[in-house]
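# Observations on the model geometry
Spelled out, the chains give:
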Amino acid sequence: MGKLPRRQLVVLGAAAVVAGLFVSLPAGTAVAAPNVLHADRSVARSCFASLLPKGAPASDQREFTSTVDGLVQARLKPDAGAEGDWDLAVFDKATGGVVAASAALRSREVAESFVKKGQQLVVQACRYGGSARTVQLGVDFLAITPQGTPTGQPAQLVRVETLTRADKNRLNSLGLDVTEKGDATGIEVVLNDDQDRKTLADAGFKSTVVDADLGAKSVRDAATDRTYAATTPSSALPSGRTTYRHLYDYEYEIKELARKYPTLVSAFTMPESTWEGRDVVGLEIATDVKNISDGKPVDFTMGVHHAREWPAGEHAMEWAYELINGYYHDNTVRGLVGRTRNIIVPIINPDGFEISREAEPKGDFSRFDYEMKRKNCNVNDSPAQYATGVCKANPAGRLRGTDPNRNYAGFWGGAGAELAWGGDTFRGSAPFSEPETRNVRWLVSARQVTNLLTLHTVAALVLRVPGVADTRPPLDEPAYRALGDKMASRNGYTSEPSWQLYDTSGTTEDWTYWATGGWGFTIEVGGNGFHGPFADNVVAEYEGLAPAAGAGKGGNRQAFLDFLGNTADPAQHATLIGSAPKGYQLKLHKTFQTPTSPVIQADGTTTPPLYYTDDLNSTLTATGGRFAWSVNPSTRPYVAGRYGRDPKGPAQSGLVVTNPAGVPPINQNYPADPTAESFTFHVDGPPKADNGKFSVDINWAKPTTDWDLFVYDAAGNLVTSSANGNTTAEHAVLFDPPAGDYKAVVVNFDQTDPTTVDDWTGSVSFASPTPATYGPKEAYQLTCTSPKGKLVGVADVFADRGQTVDVGEVCTSSARSQKQRPSGAR
């Protein structure tokens, strides 16, 4: 029958799948007619906790028998235009166990899971709230052709040797499942099948196996989680939870928190549903929470851009419990909550997460075991032969979709993202082509988000901009780094700019920060695997308990609290002050265009950057008298300038290196085999010298020779390297090198001409630091309108980070023509 309509809610006939294409079965196999479910009243309770007795208040049920081995997909949609809040659950009639569920904030639910032919099911709809007494139900059964036992080796995790930035970027271009876990000498990669192994081998990379069977690890981890949950009544987490949540758990807990704490918590739905029709939901926590235009600084925490990174969602949800519990029981947290607004969206990518979390547990990551899915469910870029079927069961398997964290406009189209639809880091057809990223754009554009955390797994990193090495750091770099370092001191992670791992383009904070000036970080939650044992990857990492790197330091809990303290600090954003009558609305507006990266094409060439338009609009509603409005700087960092520093002394004089006597034997196993030759040099510091960078250079005559270069500090840490092939030189550069002793190691990787030995010559050169550059100042347009919508004042507002700007009485009639820079900035 081809691809199922995205929001089809009538009950269809049963279907079978042949060679990946869904086709209708004979008409006699139809399971039911369209259904309208009814409940006269609402009850705030879980619909998935248990199968209710027939006729239970606030519920309605229908029974079905599966005609296929495959999937059941149940959907709700509003009836007769009334929205309300209905939830949905599918139960196995024989056992009473939940098969699938959905509990978002409206009546647009999708519950989907695997079933067996002949399995008897009860579909239960529950009216949680709202005025809608009826709702429409649709149920599909979709058959799946058995796949048999997968051939070849199981999915593996390997560490690929990437000694240079060129190696890292080349690895990222292969279409492999490259993780965010790595360091200066290597990156971990998931090899899902034999084709992945061949791709890596054909590219000439060396690798070592970290985990020989990820499927077996998944089975072990699940068993570990079951044991932990069975033996642990309550964890140390703010919620006490002991198991990974399902999507419906997140949805239900969000609205329950809003119901139980109505003056402190509100739940909301993002404006765009996903490709599969799911709502994206979040919660906001603040005193007087309904007044979103109160001028407080906004802290935005989100999780699960990448489907398989379950601990990211758990950390975000526990943070919500932390703030709520702390508001009532901890004076420090209460003070922070009182001075900020906190927005939390635990699952940015619910389609992908639901598929990964509910994957058919084969333990082999085959066509219908999508536990390692990373992307969303966009089918539009897939070739026709892969564009059939629902996302949970389709010919492309986990590869369908776009990587949301390569789809933001910041430097989109550059290095560190896949061009082909099948790549795990596929960037999408255009910036913001995905509803998940457009939802984030909507929220950030409409609110003054001064601080943003986007959570991932599993690299144990605190990452800041820029994501591309060729982009100079922003003017904010010293403060940016200090904030990242402070969080890293709590969770034990490494704090660094994103490019230091490898280039990434189209990431969240590379749009949010450069466009708005609000601090933005990625925290790669540490642990054992993308969603390893709950006790390790969630409880220990959040609370700072062994075996986490942040054990005894406060963990991610304290890192989040430090970040919220930064949100509450007026020195970290701008503040507008003034006076306005009660009910008057002030609006800050900015529209601008920004280029993407030059867009890399399939043949390696680039086309000119695309220009995208951002429209930022935020509001404050006056309560009468004086107001204070926490806002981001008026000049966006992209145009403000780039970080640098003035020299505090001359650059150090360079030196010519004496090549040690003799030639070491060929060694293609460095550093495991340390055979090499080396030389040392010293870097001076101010006032004798101020070095913005040093470059260690070696040169030789023949491209058939291959020398590699590695530079270490006095503590033995690798600080820079250069190990390219098909060249006659290596150049290892370190910016802002600390004063001290260094050792350069030169490895004889290959000598393919047996007639002569091609030795090297070397030098070390130094350069002064690059001074900062400064761009033009930008202004917000500030307008004030009366409660009746009359424009009463306009002004251009210039505000820097840490600055308080008095906009005077912009809401008086005399301010109507004051289109100028307000006075009183201090």
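Structure's up top.
Read on for an overview of the structure. As the structure is a prediction and not an experimental result, all values here were calculated from the model.

About the cut-offs
- Residues numbered from 1 in each chain as written.
- Predicted model: local features only at pLDDT ≥ 70, side-chain atom pairs only at ≥ 80, totals over all residues.
- Heavy atoms only, no water.
- Helix = DSSP H or I, 4+ residues; strand = E, 2+ residues; numbered from the N terminus.
- Rg over C-alpha atoms; globule rule 2.2 N^0.38 Å.
- Buried < 20%, exposed > 50% of the residue type's maximum accessible area, 1.4 Å probe, protein only.
- Disulfide = S-S within 2.5 Å.
- Lys, Arg positive; Asp, Glu negative; His and termini not counted.
- Salt bridge = Lys/Arg side-chain N within 4 Å of Asp/Glu carboxyl O.
- Polar contact = N/O pair within 3.5 Å; in protein donor to acceptor, adjacent residues only side chain to side chain.
- Contact = heavy atoms within 4.5 Å.
- Core = buried A, V, L, I, M, F, W, Y, C linked by side-chain atoms within 4.5 Å.
- Pairing = 2+ DSSP bridges.
- Axes fitted to C-alpha atoms, helices over the stretch in contact; angles between N-to-C directions.
- Phe/Tyr/Trp six-rings, centres within 6.5 Å; stacked < 30°, edge-to-face > 60°.
- Lys NZ or Arg CZ within 6 Å of the ring centre and 35° of its normal.

Further remarks concern the overall build of the protein chain. What the protein chain contains, in helices and strands, is 13 helices and 41 strands. Its C-alpha radius of gyration of 29 Å places the protein chain within 12% of the 28 Å reference for a compact globule of 826 residues. In terms of overall dimensions, the protein chain has C-alpha extents of about 90 × 75 × 50 Å along its principal axes. The buried share among the 826 residues of the protein chain stands at 58%.

What follows deals with the state of the cysteines. In this structure the tally under the stated criterion is 3 disulfides. Each disulfide pairs two cysteine sulfurs, and for C47 the partner residue is C126, the sulfurs being separated by 2.1 Å. Between C47 and C126 the sulfur-sulfur dihedral comes to about 70°; the bridge is accordingly right-handed. Note that C47 is positioned in the loop between β3 (35-38) and β4 (59-65) and C126 in strand β9 (residues 120-129), a separation of 79 residues in sequence. Judged by its relative accessible area of 1%, C47 is buried. C377 shares a disulfide with C391; S-S distance 2.2 Å. On the sign convention where negative means left-handed, the S-S torsion of about -90° between C377 and C391 marks this disulfide as left-handed. Here C377, found in the loop between α7 (350-357) and α8 (435-446), pairs with C391, found in the loop between α7 and α8; they are 14 residues apart in sequence, far enough to count as distant. C391 carries the same exposure label as C377, and that label is buried.

The next thing to look at is the side chain of E730. Here E730 is to be found in strand β35 (residues 729-735). For the buried E730, no salt bridge exists, and the shortest N-O distance to an oppositely charged side chain is 12 Å, to R170. There is a polar contact of 2.4 Å between the side chain of E730 and the side chain of S722. In terms of polar contacts, E730 uses its side chain to reach the backbone amide nitrogen of A723, at 3.5 Å. Excluding residues within four positions of it along the chain, E730 makes contact with V696, D697, I698, W700, D706, W707, D708, L709, S722, A723 and N724.

Judged by nonpolar contacts, the single largest core of 59 residues is most densely connected at I285, F521 and I523. A total of 10 residues in this core trace back to one element, the largest contributor, which is helix α5 (residues 310-329). Residues in contact with I523, not counting those within four places in the same chain, are L453, T454, L455, H456, L461, V462, M487, N491, Y493, N556 and F560. Core analysis: the next-biggest nonpolar cluster, separate from the first, contains 23 residues, L37, A39, L88 and V90 among them.

Turning to the pairing of strand β6 (residues 85-92), a few remarks are in order. Where burial is concerned, most of β6 is hidden: 8 out of the 8 residues are buried. Side-chain alternation along β6 places D85, D87, A89 and F91 on one buried face and W86, L88, V90 and D92 on a second face that is also buried. Here β6 pairs with β9 via 8 bridges, running antiparallel. By the bridge assignment, D87 is partnered in β9 with C126. Inspection of the sheet shows β6 paired to strand β7 (residues 98-102) by 4 bridges, in the antiparallel sense. Note that in β7 the partner of A89 across the bridge is A101.

In space, the 8 strands of this open sheet follow the order β15-β16-β18-β17-β19-β22-β20-β21, with mixed pairing throughout. Edge strands, defined here as strands with exactly one partner in the open sheet, are β15 (265-269) and β21 (494-497). Each strand axis lies, on average, 20° off the axis of its neighbour in the sheet, ignoring direction. As defined by bridge partners, strand β16 (residues 281-285) adjoins strand β18 (residues 341-345) across 3 bridges and the pair is classed as antiparallel. Considered in β18, the bridge of L283 is made with I344. Set on the sheet, α8 makes contact with β15, β17 (298-303), β18 and β19 (449-457); between it and β17 the angle comes to about 170°. The sheet strands contacting helix α9 (residues 477-491) are β19, β20 (461-464), β21 and β22 (519-525), and the helix crosses β22 at an angle near 30°.

Here we come to the environment of W442. Locating W442 in the fold gives a position in helix α8. Judged by its relative accessible area of 40%, W442 is partly exposed. When the C-alpha atoms of W442 and S293 are compared, they prove to be 16 Å apart, with 149 residues separating the residues in sequence. For W442, the residues in contact, after removing those within four places along its chain, are M270 and P271.

The next subject is the packing of aromatic side chains. Counted under the stated rule, the structure contains 28 aromatic pairs. Pairing Y128 with Y252 gives two aromatic rings, centres 6.3 Å apart and planes at 85°, and the pair type is edge-to-face. Residue Y128 is found in strand β9, and its partner Y252 is found in helix α4 (residues 247-260); the two are separated by 124 residues along the sequence. Using a relative accessible area of 10% as the deciding quantity, one classes Y128 as buried. Using a relative accessible area of 15% as the deciding quantity, one classes Y252 as buried. When the ring of Y480 is compared with that of Y513, the centres are 4.9 Å apart and the planes differ by 55°; the resulting orientation is tilted. Of the two residues, Y480 sits in helix α9 while Y513 sits in helix α10 (residues 508-516), which places them 33 residues apart along the sequence. Since its relative accessible area comes to 0%, Y480 is described here as buried. Site record: aromatic cluster; members linked through ring pairs are F411, Y480, Y513, W514, W519, F521, F563 and Y638. Over the aromatic face of Y327 sits the side chain of R334, whose NZ or CZ is 4.3 Å from the ring centroid.

The element helix α11 (residues 534-543) is extensively covered by neighbouring structure, given that 8 of its 10 residues are classed as buried. Of all the positions in α11, only F534, N537, V538, V539, A540, E541, Y542 and E543 are classed as buried. Looking at the buried residues of α11, the elements they touch are α3 (214-231), α5, β22 and α12 (555-568). Where α11 ends, the next residue or the one after it, G544, has phi of about 75°, a positive value.

Distances and angles like these do not, on their own, reveal function.
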